[in-house]
Amino acid sequence: MISSPWRTGPLRWTEMGPNDGRGLLLVHSLGTDSRMWQPQLDAFAAVRRVVAVDLPGHGRSLAQPGEYRLEDLGQDLLLVADQAGHTRFDVCGISLGGMLGLWLAANAPERILTLVASNTAARLGSEEQWSVRMQTVLEQGMEAIRPTVMTRFFTPGFDQRRPAQFGAVTEMFRAVDPVGYAGCCALLRDADISDEVAAIRCPTLIIGGEEDVATPPPQAEWLHRQIRGSRLQIIPQAAHLASLEQPETFTRLVLTELGWS
């Protein structure tokens, strides 16, 4: 019997852009999927070979039951890059995706060319928070936590200002497999890379949301201080999913601050 190379389940991804282009790995937040990058895809694909991955149990990716570790999912992302043909690549991640980007830049520096870490931190939330959320979704399903999570994703009134986009994110969230979500909650319960991020040496852009209560601006500022030569941008009128709430600003920052335009 041939064992699977995947540690958290077989990940799936979507590719766009020139076949011979430099790779850009996009890693979404917990509770969304690769479709959250829709506002950025055309602009990013004009300058990079975009690989937009679905994390386990999210989007088209299956989830292996059990508790995941940051290293497990980080190694699976490297396997995605390998299978997509990118020995070295840029990475842009938000929330959990941003933490994974930080881990990759610190632990596989020979693979990462540039890093964008958005709305993230070296330590996300608390052990109690993630333990409760993991138990809740396994026992009651995704709908049990949806109202709480959606209020943290966006600033108040976003559902009224942008109902179509709010509805799309709601449907992404509802479609997540609780098994994969719980596995990622276990990862976040245990993960703390506070002692690792200072080792990051690649060009790095840290993005925060002015109204982000999940990963407040002081956490972005702390990362900026730890990562030598990094750049910091706090997006006004944005909460946790800054790339969706202020998509034009987010896209411009990524393209110009790291010289991708």
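Please refer to the structure higher up on the page.
Below is a summary of the structure that appears in this document. On a predicted model such as this, the values are computed, not experimentally measured, just so you know.

**What about the nonpolar core?**
(1) Moving on: Counting 92 residues, the largest nonpolar core has Leu25, Leu26, Leu77, Leu102, Phe154, Tyr181 and Ile200 as the members making the most contacts within it.
(2) Moving on: The residues touching Leu102, leaving out its near neighbours within four places in the chain, are Leu115, Ala117, Thr120, Ala121, Ile193, Val197, Ile200, Leu223 and Ile227.

**A few points about the side chain of Gln165**
(1) Moving on: Its location among the elements puts Gln165 in helix H7 (residues 163-175).
(2) Moving on: Exposure remark for Gln165: the relative accessible area of 17% places this residue in the buried category.
(3) Moving on: The contact partners of Gln165, leaving out residues within four places of it in the chain, are Pro39, Phe158 and Leu244.

**Topic: the pattern of salt bridges**
Two side chains of opposite charge can pair, provided their charged atoms sit close to one another.
(1) Moving on: A complete count under the given rule lists 15 salt bridges for this structure.
(2) Moving on: Across the salt bridge formed by Arg174 and Glu171, the nearest N and O atoms sit 3.0 Å from each other. Taken together, the residues Arg174 and Glu171, both in helix H7 and three residues apart, mark about one turn of the helix.
(3) Moving on: Residue classification places Glu171 among the partly exposed residues on the basis of a relative accessible area of 46%.
(4) Moving on: Bridged by salt links that share partners, the residues Arg7, Arg69, Glu71 and Asp72 form one connected network.

**Quick word on helix H1 (residues 38-45)**
(1) Moving on: Three or more residues of H1 are buried, namely Gln40, Leu41, Phe44 and Ala45. In a view along the axis of H1, the buried residues occupy a sector of 120°, so they form one face of it.
(2) Moving on: For H1, the elements touching its buried residues are strand S1 (12-16), strand S2 (23-27), strand S3 (49-54), helix H10 (242-245) and helix H11 (247-257).

**Some remarks on the packing of aromatic side chains**
(1) Moving on: Applying the stated rule across the entire model yields five aromatic pairs.
(2) Moving on: Ring centres of Trp37 and Phe250 lie 6.2 Å apart, and the angle between their planes is 40°; on these two criteria the pair is classed as tilted. You can see Trp37 sitting in the loop between S2 and H1 and its partner Phe250 sitting in helix H11, a full 213 residues away along the chain. Per residue, the accessibility class of Trp37 equals that of Phe250, and both read buried.
(3) Moving on: Where Phe153 meets Phe154, the ring centres are 6.2 Å apart and the plane angle is 80°; that geometry is what we call edge-to-face.
(4) Moving on: Owing to a relative accessible area of 4%, Phe153 belongs among the buried residues under this scheme.
(5) Moving on: On the basis of relative accessibility, which here comes to 4%, the residue Phe154 falls in the buried class.
(6) Moving on: Grouped by ring-pair contacts, the aromatic residues Phe153, Phe154, Phe158 and Phe166 constitute a single cluster.

**Brief notes about the environment of Leu241**
(1) Moving on: Checked against the element boundaries, Leu241 lands in the loop between strand S7 (231-235) and H10.
(2) Moving on: For the pair Leu241 and Asn119, spaced 122 residues apart in sequence, the C-alpha separation works out to 7.2 Å.
(3) Moving on: Discounting chain neighbours no more than four positions away, the residues touching Leu241 are Ser29, Thr32, Met36, Ile94, Phe153, Phe154 and Val169.

**Brief notes about the sheet that holds S3**
(1) Moving on: As summarised here, the arrangement of the seven strands in space is S1-S3-S2-S4-S5-S6-S7, forming an open sheet in which the pairing is mixed. The two strands at the open ends of the sheet, each matched to only one other strand, are S1 and S7. Pairwise comparison of adjacent strand axes, ignoring direction, gives a mean angle of 15° for this sheet.
(2) Moving on: In terms of strand pairing, strand S6 (residues 204-209) meets S7 through five bridges, oriented parallel. Directly across from Gly209, in S7, lies its bridge partner Ile235.

What counts and what doesn't
- One numbering rule holds for all chains: residues counted from 1, following each sequence as written.
- For this predicted model, a pLDDT threshold of at least 70 governs which residues receive local features, and a threshold of 80 or more governs which side-chain atom pairs are given and counted, while totals over whole chains, interfaces and linings are taken from all residues.
- Only hydrogens and water are set aside; all other atoms, that is, all heavy atoms of the structure, feed into the side-chain values.
- Side-chain atoms within 4.5 Å link the members of a nonpolar core, which is a set of buried Ala, Val, Leu, Ile, Met, Phe, Trp, Tyr and Cys residues.
- Burial status follows relative accessibility: with a 1.4 Å probe on protein chains alone, a residue under 20% of its type maximum counts as buried, one over 50% as exposed, and anything between as partly exposed.
- Contact criterion: two residues are considered in contact whenever any of their non-hydrogen atoms come within 4.5 Å of each other.
- Only runs of H or I of at least four residues qualify as helices and only runs of E of at least two qualify as strands under DSSP, and these elements are numbered from the N terminus.
- Salt bridge, as used here, is a side-chain nitrogen of Lys or Arg placed within 4 Å of a carboxyl oxygen of Asp or Glu.
- What the arc describes is the spread of directions from the helix axis to the C-beta atoms.
- Aromatic pairing here means that ring centres of Phe, Tyr or Trp (its six-membered ring) are within 6.5 Å. Orientation follows from the plane angle: under 30 degrees is stacked, over 60 is edge-to-face, and everything else is tilted.
- Pairing between two strands is assigned when DSSP locates at least 2 bridges connecting them.
- For helices, the fitted axis covers only the stretch in contact; all axes are lines through C-alpha atoms, and the angles between them, taken along N-to-C directions, range from 0 to 180 degrees.

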